[in-house]
Amino acid sequence: YLDLTVENGKVALVKVNMGAPILEAKKIPVVSEKEQVINEPLLVDGKEYRITGVSMGNPHAVIPVEDVEKISIAKTGSAFEHLSCFPDRINTEFIQTLDQHTIKMRVWERGSGETLSCGTGACAAAVAAMLSGCVSEGETAVELRGGRLFVTWDRTKNKVLLTGPAETVFEGTLAERI
């Protein structure tokens, strides 16, 4: 599924079907005695966090915090990434609820560090925010350092739609090879 919004002859927005979120702990994978990890306590570096585990084809731990700007993301994100309860390591999204339809997010991607944006992370964060009651059902705006994305989780069809801006990054000509 791909839907394009065209303005003035150019693609302005792209909406894609990101598939079904995986919530079963062992399929994310997250080591847990529970079938799903939703708003569960986890002690990291002496501090308790509440995590929700979601896979969008890659593993995510979503953690609500008071203020995403106050997170020492290099220290805390790295600590989460290497915990033994995440056997394939983990992408970690720290989210702050701004209102019932908007979250602010910073993301620590396993093996990369902090990134400006992450499509699967935004989807996982919106799903987790809905599951834990941080936001209402429907479309969630996700504010990232790299821009704003919109996530809709259709629970009846169990699919996640991601919408974001399209920007030209380069133009070129493909020459025929002789």
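Our subject is the structure that appears above.
Remember, predicted model here, so these are calculated numbers, not experimental data. (Residues numbered from 1 in each chain as written. Predicted model: local features only at pLDDT ≥ 70, side-chain atom pairs only at ≥ 80, totals over all residues. Heavy atoms only, no water.)

How should I be thinking about the overall build of the chain in this particular structure?
Of the regular secondary structure elements, the chain holds two helices and 11 strands. Walking the chain from its N terminus toward its C terminus, one meets helices and strands in the order β-β-β-β-β-α-β-β-β-α-β-β-β. Compactness check: the chain gives a C-alpha radius of gyration of 17 Å against a globular reference of 16 Å for 178 residues, within 12% of the reference. With the C-alpha coordinates aligned to their principal axes, the bounding extent of the chain is approximately 60 × 40 × 30 Å. Here the chain, with 178 residues, has 41% of them falling under the buried criterion. Taking as baseline every contact in the chain between residues at least 6 positions apart, the subset at least 24 positions apart corresponds to 56%. Within the structure as shown, the chain displays about 9800 Å² of accessible surface, and the carbon and sulfur contribution to it stands at 49%. Here the chain carries 19 positive and 24 negative side-chain charges, and the mean point of each set is 2 Å from the other. (Helix = DSSP H or I, 4+ residues; strand = E, 2+ residues; numbered from the N terminus. Rg over C-alpha atoms; globule rule 2.2 N^0.38 Å. Buried < 20%, exposed > 50% of the residue type's maximum accessible area, 1.4 Å probe, protein only. Contact = heavy atoms within 4.5 Å. Areas by Shrake-Rupley, 256 points an atom, 1.4 Å probe, with all protein chains shown as cover. Lys, Arg positive; Asp, Glu negative; His and termini not counted. Charge placed at Lys NZ, Arg CZ, Asp CG, Glu CD.)

How should I be thinking about the packing of aromatic side chains in this particular structure?
The relation between two aromatic rings is expressed through the spacing of the ring centres and the mutual angle of the planes. What the rule picks out here adds up to two aromatic pairs. Each ring, one from Y49 and one from F80, has its centre 5.2 Å from the other, and the planes form 75°; the classification is edge-to-face. You can see Y49 sitting in strand β4 (residues 47-55) and its partner F80 sitting in helix α1 (residues 73-81), a full 31 residues away along the chain. Across the pair, exposure class does not vary: Y49 and F80 are buried alike. Between F80 and F94 the ring centres are 6.1 Å apart and the planes differ by 80°, which places this aromatic pair in the edge-to-face class. Remark: F94 occurs in strand β6 (residues 91-99) and F80 occurs in helix α1; sequence separation between them is 14 residues. Aromatic rings pair up to connect Y49, F80 and F94 into one cluster. Positioned above the aromatic ring of Y1, the side-chain terminus of K159 is 5.5 Å from the ring centre. (Phe/Tyr/Trp six-rings, centres within 6.5 Å; stacked < 30°, edge-to-face > 60°. Lys NZ or Arg CZ within 6 Å of the ring centre and 35° of its normal.)

It is not clear to me how the pairing of strand β3 (residues 40-44) should be interpreted in this structure. Could you clarify?
Alignment of β3 against β4, held across five bridges, turns out to be antiparallel. Pairing of L42 across the sheet is with Y49, part of β4. Hairpin connection of β3 to β4: two residues between the antiparallel strands, including D45 at a positive phi of 50°. (Pairing = 2+ DSSP bridges.)

Would you mind going over the pattern of salt bridges with me for this structure?
Where side chains of opposite charge bring their charged atoms close, a pairing between them can arise. Evaluation of the coordinates by the stated rule reveals 12 salt bridges. K34 is paired through a salt bridge with E40; the nearest N and O atoms lie 3.0 Å apart. Residue K34 is classed as partly exposed on the basis of its relative accessible area of 46%. Note that E69 is salt-bridged to R145, the shortest N-O span being 2.6 Å. Remark: R145 occurs in the loop between β9 (139-144) and β10 (147-154) and E69 occurs in the loop between β5 (59-64) and α1; sequence separation between them is 76 residues. (Salt bridge = Lys/Arg side-chain N within 4 Å of Asp/Glu carboxyl O.)

Teacher, can you tell me more about the pairing of strand β7 (residues 102-109) here?
Taken residue by residue, a regular strand's side chains alternate between the two faces of the sheet. In terms of burial, β7 is a largely internal element, seven of the eight residues being buried. Note that β6 and β7 share seven bridges and pair antiparallel. For T92, the partnering residue across the bridge sits in β7 and is W108. Where β6 hands over to β7, the hairpin turn is made up of two residues, counted between the paired strands. Relative to β9, β7 runs parallel, the two sharing three bridges. Looking across to β9, one finds that K104 is bridged to E143. Sheet topology places β7 next to strand β8 (residues 113-115); three bridges connect them, and they run antiparallel. Across the sheet, the residue bridging to W108 is E114, located in β8. Counting the residues in the hairpin turn of β7 and β8 gives three residues, including G111, whose phi is positive at 80°.

Limitation: the analysis is restricted to geometry and does not speak to function.
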